[in-house]
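Residue strings, one per chain:
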Amino acid sequence: METPAGLEDLLVAGWRLSGDGKAIHRSFRFADFTAAFAFMTAVAAEAEAMDHHPDWSNVYNRVDVTLSSHDIGALSGRDVALARRMNALADAPAN
């Protein structure tokens, strides 16, 4: 299976490739629970629009994310696109 375009940039930006190469992971940290939850809310809207939903969990100010395209059993461009959007949302200034 081909590596999705843009994956290398994500690995530099803090994402990690799973041991089997079928998923990417990242932990996001925020100032507090409210900021973490606001991030998850923003990502939820983006993910729903893309019909591509992350595996994730939240504990206080941390959001742990795993992205994989389960329908193909591998990484896809959809994972890369959602990861990029998550990075942009995490880096956006709080309102």
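Residues numbered from 1 in each chain as written. Predicted model: local features only at pLDDT ≥ 70, side-chain atom pairs only at ≥ 80, totals over all residues. Heavy atoms only, no water.

A. View of the pattern of salt bridges. For the structure on display, the rule yields two salt bridges. The salt bridge involving Arg 85 is made with Glu 46; its shortest N-O contact spans 3.2 Å. Residue Arg 85 is located in helix α3 (residues 77-91), and its partner Glu 46 is located in helix α2 (residues 33-50); the two are separated by 39 residues in the primary sequence. Taking the relative accessible area as the measure of exposure, Arg 85 reaches 33% and is therefore partly exposed. (Salt bridge = Lys/Arg side-chain N within 4 Å of Asp/Glu carboxyl O. Helix = DSSP H or I, 4+ residues; strand = E, 2+ residues; numbered from the N terminus. Buried < 20%, exposed > 50% of the residue type's maximum accessible area, 1.4 Å probe, protein only.)

B. Layout of the packing of aromatic side chains. Scanning the model with the defined rule gives five aromatic pairs in all. Centroid distance Phe 30 to Phe 39: 4.9 Å. Interplanar angle 35 degrees. Geometry classified as tilted. Phe 30 sits in the buried class, given a relative accessible area of 14%. When the centroid spacing of 5.8 Å and the interplanar angle of 35 degrees are considered together, the rings of Phe 33 and Phe 37 count as tilted. In this pair, Phe 33 and Phe 37 are both assigned in helix α2, four residues apart and thus about one turn of the helix distant. (Phe/Tyr/Trp six-rings, centres within 6.5 Å; stacked < 30°, edge-to-face > 60°.)

C. Structural view of the side chain of Arg 26. Within the fold, Arg 26 resides in strand β2 (residues 24-29). We note that Arg 26 is buried and unpaired, the nearest opposite charge coming from Asp 91 at a distance of 5.4 Å. At a separation of 2.5 Å, a polar atom in the side chain of Arg 26 contacts the side chain of Asn 87. Discounting residues that sit within four places of it in the chain, Arg 26 has contacts with Ala 13, Gly 14, Trp 15, Val 63, Asp 64, Val 65 and Asn 87. (Lys, Arg positive; Asp, Glu negative; His and termini not counted. Polar contact = N/O pair within 3.5 Å; in protein donor to acceptor, adjacent residues only side chain to side chain. Contact = heavy atoms within 4.5 Å.)

D. Inspection of the sheet that holds β2 at higher detail. Here four strands make up an open sheet; going across it, the order is β1-β2-β4-β3 and the pairing antiparallel. This sheet does not close on itself; its edge strands, each paired only once, are β1 (16-17) and β3 (55-59). Bridging between β3 and strand β4 (residues 62-67) involves five bridges; their strand directions are antiparallel. Directly across from Asn 58, in β4, lies its bridge partner Val 63. Strands β2, β3 and β4 of the sheet are contacted by α2, whose axis makes an angle of about 160 degrees with β3. Packed on one face of the sheet, α3 meets β2, β3 and β4 and runs near 10 degrees to β2. (Pairing = 2+ DSSP bridges. Axes fitted to C-alpha atoms, helices over the stretch in contact; angles between N-to-C directions.)

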